[in-house]
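# Per-entry structural report
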Amino acid sequence: MSTLVQNHVPVEPEATSFARRAYDRVARYYDLLELPMEWLAFRRWRRRLWRNVRGPRVLELGVGTGKNIPFYPPDVTVTAIDLSPRMLARARRRAARFPDRDVELLEMDAQALSFPNDTFDDVVATFVFCSVPDPVKGLREALRVTRPSGRLHLLEHMRVRSERIGRWMDRLDPLFYRLTGVHIARRTTENIQKAGWVLEQEVDLAPGGLVRHLIARKPTNLQEP
Ligand SMILES: C[S@@+](CC[C@H](N)C(=O)[O-])C[C@H]1O[C@@H](n2cnc3c(N)ncnc32)[C@H](O)[C@@H]1O
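So, here is what we can say about the structure in this document. (Residues numbered from 1 in each chain as written. Predicted model: local features only at pLDDT ≥ 70, side-chain atom pairs only at ≥ 80, totals over all residues.)

The next thing to look at is the overall build of the protein chain. Counting secondary structure elements, the protein chain contains 5 helices and 7 strands. A globule of 225 residues ought to have a C-alpha radius of gyration of about 17 Å, and the protein chain, at 16 Å, matches this closely. Judged by the C-alpha coordinates and their principal axes, the protein chain covers about 45 × 45 × 35 Å. Per-residue burial over the protein chain gives 39% buried out of 225 residues. Contacts spanning at least 24 positions in sequence make up 71% of the contacts within the protein chain whose residues lie at least 6 apart. (Helix = DSSP H or I, 4+ residues; strand = E, 2+ residues; numbered from the N terminus. Rg over C-alpha atoms; globule rule 2.2 N^0.38 Å. Buried ≥ 20, exposed ≤ 12 C-beta atoms within 10 Å, placed from the backbone. Contact = placed C-beta atoms within 7 Å.)

Encoded structure:
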């Protein structure tokens with residue numbers, strides 16, 4: 001039985017406002033900027049991720065401009081949230097182009113979800129935990145709203161496995177963050193486990209583990225420490 005406490009209190013420190021502003025600013029150009037990577041790799045990786053997702057109730061965190069919407073399986077109902085109203089406005093337009101996808105789009109902070117415990121069967125996030133200000137808090141919230149044995153599916157870029165290159169990424173991270181709102185040296189695999197998920201699968205999609213496909217499971221009989 002899950003005993004995690006619901007966290008309705010919105011987190012609104014400066015870092016969260018900064019992330020919202022950064023994505024509101026870039027929303028208009030986001031799809032264009034990402035186009036080369038989308039065609040080279042992201043579409044293939046999205047297809048791979050969604051093949052493993054089981055519903056019927058799925059939560060997508062940080063839906064952005066809705067690039068995953070075309071990949072939603074036909075038999076799932078998706079609740080998709082994002083911090084940035086301007087990214088969401090683009091996602092709404094994309095959703096309108098795919099009327100057979102069952103998706104509800106909501107403005108919400110992944111660090112303070114307004115859903116009851118154990119609401120969703122699976123949770124998905126693609127390229128999101130690099131910019132969530134407190135990733136462990138966001139991953140704990142994802143755990144809380146997932147039913148026991150439900151799964152978390154992530155595509156994330158993160159700190160590479162090589163310590164030598166990883167240390168360079170650590171040094172460059174603050175500069176990157178100030179310029180873009182994105183952290184380049186997050187330890188997302190460790191963060192998932194810190195949040196209480198059980199890691200089931202970790203596949204390197206780019207050299208050195210720079211981009212990974214991660215699947216984790218919510219343990220049954222979870223107790224709040
Ligand atoms: C790099 S974009 C990825 C968008 C989309 N998932 C994709 O694959 O194209 C990161 C998204 O995460 C959202 N985001 C960042 N922090 C968030 C938070 N605390 N809660 C909800 N969404 C957040 C941003 O607004 C942005 O839309």
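Close to the ligand lie 22 residues, the nearest being Tyr 23, Gly 62, Gly 64, Ala 110 and Thr 126. Looking at the shell around the ligand residue by residue, the classes come out as 11 nonpolar, 8 polar and 3 charged. (Near = placed C-beta within 6 Å. Nonpolar A, V, L, I, M, F, W, Y, C, P; charged D, E, K, R; others polar.)

Attention now goes to the sheet that holds strand 6 (residues 198-204). Read from one edge to the other, the open sheet built from 7 strands follows the order 3-2-1-4-5-7-6, with strand pairing classed as mixed. Two strands bound the open sheet, and with one partner strand each, they are strand 3 (102-107) and strand 6. Within the sheet, the average angular offset between the axes of one strand and its neighbour, ignoring direction, is 15°. Sheet contacts for helix 3 (residues 135-145): strand 1 (57-61), strand 4 (120-126) and strand 5 (146-157); angle to strand 5, the most-contacted strand, approximately 145°. (Pairing = 2+ DSSP bridges. Axes fitted to C-alpha atoms, helices over the stretch in contact; angles between N-to-C directions.)

Pairing of strand 6 with strand 7 (residues 211-217) involves 6 bridges; the strand directions are antiparallel. Opposite Leu 199, over in strand 7, you have Ala 216 as the bridge partner.

What follows covers unusual backbone geometry. At the junction of Gly 55 and Pro 56, the peptide bond is cis and its omega measures out at 10° in the coordinates. Tracing the sequence through the fold places Pro 56 in the loop between helix 1 (14-51) and strand 1. Although it is not a glycine, Asp 118 adopts a positive phi angle of roughly 60°. The residue Asp 118 is located in the loop between strand 3 and strand 4 in this model. Its 17 C-beta neighbours within 10 Å are what place Asp 118 among the partly exposed residues. The phi dihedral of Phe 127 is positive, around 60°, even though this residue is not glycine.

Glancing now at the packing of helix 1 against helix 2 (residues 85-97). Running from N to C, helix 1 and helix 2 point in directions that differ by 30°, and their axes come no closer than 7 Å. Between helix 1 and helix 2, the interaxial angle falls into the category roughly parallel. Contacts between helix 1 and helix 2 involve Tyr 23, Asp 24, Ala 27 and Tyr 30 from the first element and Pro 85, Arg 86, Met 87 and Arg 90 from the second. Of the residues assigned to the contact of helix 1 with helix 2, the class counts are 5 nonpolar, no polar and 3 charged. (Parallel < 35°, antiparallel > 145°, perpendicular 65-115°, else oblique.)

The terminal C-alpha atoms of helix 2, which comprises 13 residues, lie 19 Å apart, in line with the 18 Å expected from a rise of 1.5 Å per residue. Where helix 2 is concerned, the buried positions are Met 87, Leu 88, Arg 90, Ala 91, Arg 94 and Ala 95. Along helix 2, the residues classed as buried sweep out an arc of 160° about the axis, all on the same side. Turned more than 90 degrees away from the buried face of helix 2, the exposed residues are Pro 85, Arg 93 and Ala 96. Residues of helix 2 that are buried sit in contact with helix 1, strand 2 (77-82) and strand 3. (Expected span 1.5 Å × (residues − 1). Arc of directions from axis to C-beta.)

Before going further, it helps to spend a moment on helix 4 (residues 163-180). The terminal C-alpha atoms of helix 4, which comprises 18 residues, lie 24 Å apart, in line with the 26 Å expected from a rise of 1.5 Å per residue. Judged by how many residues are buried, helix 4 sits mostly at the surface: 0 of 18 residues are covered. Positioned one or two residues after helix 4, Gly 181 has a phi angle of 80°, which is positive.

Moving on, we get to the pairing of strand 1. Here strand 1 lies mainly inside the structure; 4 of its 5 residues are buried. Taken together, the 5 bridges between strand 1 and strand 2 define a ladder with parallel strand orientation. The residue bridging Leu 59 from the neighbouring strand is Thr 79, located in strand 2.

Purely spatial values, then, with no claim about function.
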